[in-house]
Amino acid sequence: MATIVPFGPQHPVLPEPLHLRLVLEDEIVKEALPTLGYVHRGLETLASIRDMDQMVQIVERVCGICSCIHAHTYCMCIEGLMGIEVPKRADYLRVIWSELHRMHSHLLWLGLLADAFGMESMFMHAWRIRERVMDVLEATAGNRVIISVNKIGGVRRDMSPDQLRWVLQVADELEKELDLIKPVLTNDYSVKKRTVGVGVLTYQQAYELGAAGPQLRGSGVAQDIRMTGYGAYKYIDFAPVVEKDGDSWARTMVRFRELYQSIDIVRQLVSSIPDGELAAKVKGKPMGEIACRSEQPRGELMYYVKATGDKYLDRVRIRTPTFANVPPLLVMLPGCEMADVPIIALSIDPCISCTER
Amino acid sequence: MGFFQELLHKSRMKSPWLIHFDCGSCNGCDIEVLACLTPVYDVERFGVLNIGNPKHADILVVSGTVNPRNAKVLKNIYDQMPEPKAVIAIGACGTSGGVFREAYNVLGGVDKVIPVDVYVPGCPSKPEAIIDGVVLALEKLKVRKPEKDTEPLVADLKKAREFYENREERQVTG
Ligand code: SF4
């Protein structure tokens, strides 16, 4: 006989209200039914009462973890509509801050995953390392989480040469710390036992269901929107991180290796950052339609903006990566044990406030 | 108050247990609440523990705006907590709705649904401010003896409840 067990919306492993109804037969999950809408705010409609500059602050608050990338993508849209050329230094700074966000997001996720295993000390270590990144964000941008450095046409703040040097130093320290926790993650018997072969998503499924980000790359699809070369990504060289197996372990490794990749990208950017203006002049109002894509820590983010030359934008549509990752999650869950549900759910790195906006 | 209750009350002041619930927050405040637990801020050295079960908790930490859907969940969690209890609203969102207060699905701050004792400002609130908020909430708990009756709830939940009760009809999946 099937039993229905609710998972969430208030659940110890996840700070966010993800709600799944699990149809169980004994200990085995037969089906998972998601219920969304606990954090829906309807902020896309705020575009009708906030002008395009104020919207930067609103879209930053779609998600506190990757706020910088949201603002970056939104600004790219408006700049594309108005034909603004962003100064090169601003592009570099935006991407440095974006990569710092990616690092802190992945470390945060690593901590939560470790907590779900019951590895309390790993959780503490991951978050201790993350505080280094937060210190950099606080010192360079003035706030820890929502940094509001992007504005239409460029950035608000500059990084001094001292700060840039410090960023490099922190990147080195971060790499050392990661090397220290890597064996704990990769050699631990219980971590392998709970992740290898659990929650498998094949190449075909990932492709057909439209998975995004580390979820997609964990299944062997080498797709990374950063490769399209928006922002300063066109000036540096890197390759998408790909794993073949498609299980929770593969996704964990993708994110872990992306941490190293981010460190590398930050190094490349800091060492080649040009001098120059911080922001271009913005005149007039945007007109037309545009869609822009970028790579968030969780995957592909898309913004669609429609403007009619008015003070207010006509429409802002945000498609977030977790929204794309929920259907694959529902494919991965059936057949697993009840006890594995938190880990599989965490392995897609769900960000519910993004999903529901 | 009997001897045991006195003892319980004293120990509660020494080691308050928190439960964290995320209403419609943007995650900024959530991760700052979690950051309080980690080595840099480490509230556990003060005996503050984050737990998942409302029945064990003394202080409810809420971040984010309230909407008709999670109002019910929030109230449910609040009702399950034993007396005495305190509520902390985190961030601009928890206080008044913040940047989202004009959005169509936002009722406002946490105090629209349950009585709030401490408001922690900031967007997002800094971990230091959150820890300070917990200390202030403890002051309130101190004078709230266990015998005291529950305060009446100020919320107008009628609309929210109707919305929730019709949930089956609105649902597309399952
Ligand atoms: S107060 Fe600011 S950081 Fe906190 S949940 Fe609201 S928008 Fe996010």
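Just so it is clear, the structure is predicted and the values come from calculations on it, not from any experiment.

Undergrad: Sorry, what's going on with the overall build of chain A here?
TA: Check the secondary structure of chain A and you find 12 helices and 8 strands. At 20 Å, chain A has a C-alpha radius of gyration in line with the 21 Å of a compact globule built from 357 residues. The C-alpha extent of chain A, read off along each of the three principal axes, is 65 × 45 × 35 Å. Across the 357 residues that make up chain A, the buried fraction comes to 63%. Of the contacts made within chain A by residues no fewer than 6 positions apart, 70% connect residues no fewer than 24 positions apart. Counting every atom, chain A has about 12700 Å² of accessible surface; 51% of that belongs to carbon and sulfur. Taking the average place of the 41 positive charges on the side chains of chain A and the average place of its 45 negative ones, the gap between the two points comes to 4 Å.

Undergrad: Looking at this structure, I do not really get the pairing of strand β2 (residues 19-25) of chain A. What am I missing?
TA: Across a regular strand the side chains alternate sides, sitting on one face of the sheet and then on the other. All names here are of chain A. Within β2, 6 of the 7 residues are buried, leaving the element largely enclosed by the surrounding structure. Relative to β2, strand β1 (residues 3-7) is paired through 5 bridges, and the arrangement is antiparallel. If you follow Ile 4 over to β2, its bridge partner there is Val 23. The sheet contact formed by β2 and strand β3 (residues 28-35) spans 7 bridges and is antiparallel. Pairing of Arg 21 across the sheet is with Leu 33, part of β3. Where β2 folds back onto β3 in an antiparallel hairpin, the turn is made up of 2 residues, including Asp 26, whose phi is positive at roughly 55°.

Undergrad: Just to check I follow, could you spell out the packing of helix α2 (residues 67-82) of chain A against helix α3 (residues 88-117) of chain A for this structure?
TA: Residue and element names in this part refer to chain A. Two elements in contact, α2 and α3, have axes separated by 8 Å at closest approach and are oriented at 145°. Read as a crossing pair, α2 and α3 show a hand that is left-handed. On the side of α2, the interface is formed by Ser 67, Cys 68, Ile 69, His 72, Cys 75 and Glu 79, while α3 contributes Arg 94, Val 95, Trp 97, Ser 98, His 101 and Arg 102. Each residue belonging to the contact of α2 with α3 can be placed in one class, and the counts come to 5 nonpolar, 4 polar and 3 charged.

Undergrad: Is there a simple way to think about the pairing of strand β8 (residues 315-319) of chain A in this case?
TA: Residues and elements named next belong to chain A. Of the two faces of β8, only one is covered, namely that formed by Val 316 and Ile 318; the face formed by Arg 315, Arg 317 and Arg 319 stays uncovered. Across 5 bridges, the pairing between strand β7 (residues 299-308) and β8 is antiparallel. Paired with Lys 306 across the strands is Arg 315, a residue of β8. Linkage of β7 to β8, two consecutive antiparallel strands, is achieved through a turn of 6 residues, within which Gly 309 is found at a positive phi near 80°.

Undergrad: Help me understand the site of the ligand in this model?
TA: The full set close to the ligand counts 13 residues, and Cys26(B), Cys29(B), Ala92(B), Cys93(B) and Cys123(B) are the nearest of them. Around the ligand, the nearby residues trace back to chains A and B. Going through the elements one at a time, α2 (28-35) and α4 (91-96) of chain B are the ones with two or more residues in the shell around the ligand. The class makeup of the residues in the shell around the ligand is 8 nonpolar, 4 polar and 1 charged.

Undergrad: Is there a simple way to explain the interface of chain B and chain A in this structure?
TA: For an interface, size is often stated in terms of accessible area lost upon the parts coming together. On the side of chain A, 43 residues touch chain B, which itself brings 42 residues to the contact. Summing both sides of the interface, chain B and chain A together bury roughly 3500 Å²; the carbon and sulfur share of this comes to 61%. For chain B, the biggest contributors to the area lost against chain A are Asn27(B), Ile31(B) and Arg69(B); these three give 15% of the whole. Across the chain B-chain A interface, the total number found is 3 salt bridges. The salt bridge partner of Glu138(A) is Lys126(B), with a shortest N-O separation of 2.3 Å. The interface formed by chain B and chain A includes 8 residue pairs in polar contact (both at pLDDT 80 or more). Breaking the side of chain B that touches chain A down by element, the ones donating at least two residues are β1 (17-22), α2 and α3 (68-80) of chain B.

Undergrad: How should the sheet that holds β7(A) be read in this particular structure?
TA: Adjacent strands of a sheet pair through backbone hydrogen bonds, lying either parallel or antiparallel. Residues and elements named next belong to chain A. With antiparallel pairing, the 3 strands of this open sheet are ordered in space as β6-β7-β8. A strand with exactly one partner marks an edge of an open sheet, and here the two such strands are β6 (287-296) and β8. Taken over all neighbouring pairs, the strand axes of this sheet differ in orientation by 10° on average, direction set aside. Across 10 bridges, β6 lies against β7 in antiparallel orientation. Looking at β7, one finds that Met 287 is bridged to Thr 308.

What counts, and where the lines are drawn
- Numbers given for residues are sequential positions, taken from 1 along each chain in its written order.
- Here every chain gets a letter starting at A, and every ligand a number starting at 1, in the order they are written.
- Residue-level local features of this predicted model are given only where pLDDT is at least 70; pairs of side-chain atoms are given and counted only at 80 or more, and the full residue set underlies all totals for whole chains, interfaces and linings.
- Side-chain numbers here rest on the full set of heavy atoms in the structure, without hydrogens or water.
- Under the scheme used here, helices are H or I runs from DSSP no shorter than 4 residues and strands are E runs no shorter than 2 residues, and both carry numbers assigned from the N terminus.
- Note that the radius of gyration is over C-alpha atoms, with the globule rule given as 2.2 Å times the number of residues to the power 0.38.
- Burial classes: relative accessible area under 20% of the type maximum marks a residue as buried, over 50% as exposed, and values in between as partly exposed (1.4 Å probe, protein chains only).
- Note on definitions: a residue-residue contact is assigned when non-hydrogen atoms from the two residues lie within 4.5 Å.
- Exposure was quantified through the Shrake-Rupley algorithm and a 1.4 Å probe, taking into account, for residues, occlusion by the shown protein chains and nothing else.
- Under the convention used here, Asp and Glu are negative, Lys and Arg are positive, and both His and the chain ends fall outside the count.
- Charge placement uses NZ in Lys and CZ in Arg. For Asp and Glu, CG and CD serve respectively.
- Any two strands are treated as partners once DSSP identifies two or more bridges connecting them.
- Where helices are involved, their axes are fitted lines through C-alpha atoms of the stretch in contact, as for all axes, and angles between N-to-C directions lie from 0 to 180°.
- Note on convention: near helix rotated counterclockwise from far helix by under a right angle means a left-handed crossing. Clockwise means right-handed.
- Gly counts as polar in this scheme, as do all residues outside two lists: the nonpolar Ala, Val, Leu, Ile, Met, Phe, Trp, Tyr, Cys and Pro, and the charged Asp, Glu, Lys and Arg.
- Proximity is defined per residue: if any heavy atom of the residue lies within 4 Å of a molecule or strand, that residue is considered near it.
- Computed with a 1.4 Å rolling probe, the buried area is the accessible surface lost when two parts are put together, summed over both parts.
- The term salt bridge refers to a pairing of a side-chain nitrogen on Lys or Arg with a carboxyl oxygen on Asp or Glu at a separation within 4 Å.
- N or O atoms within 3.5 Å of each other form a polar contact, as long as, within protein, one can give a hydrogen and the other can take it, and as long as residues adjacent in sequence are counted only when both atoms are side-chain atoms.

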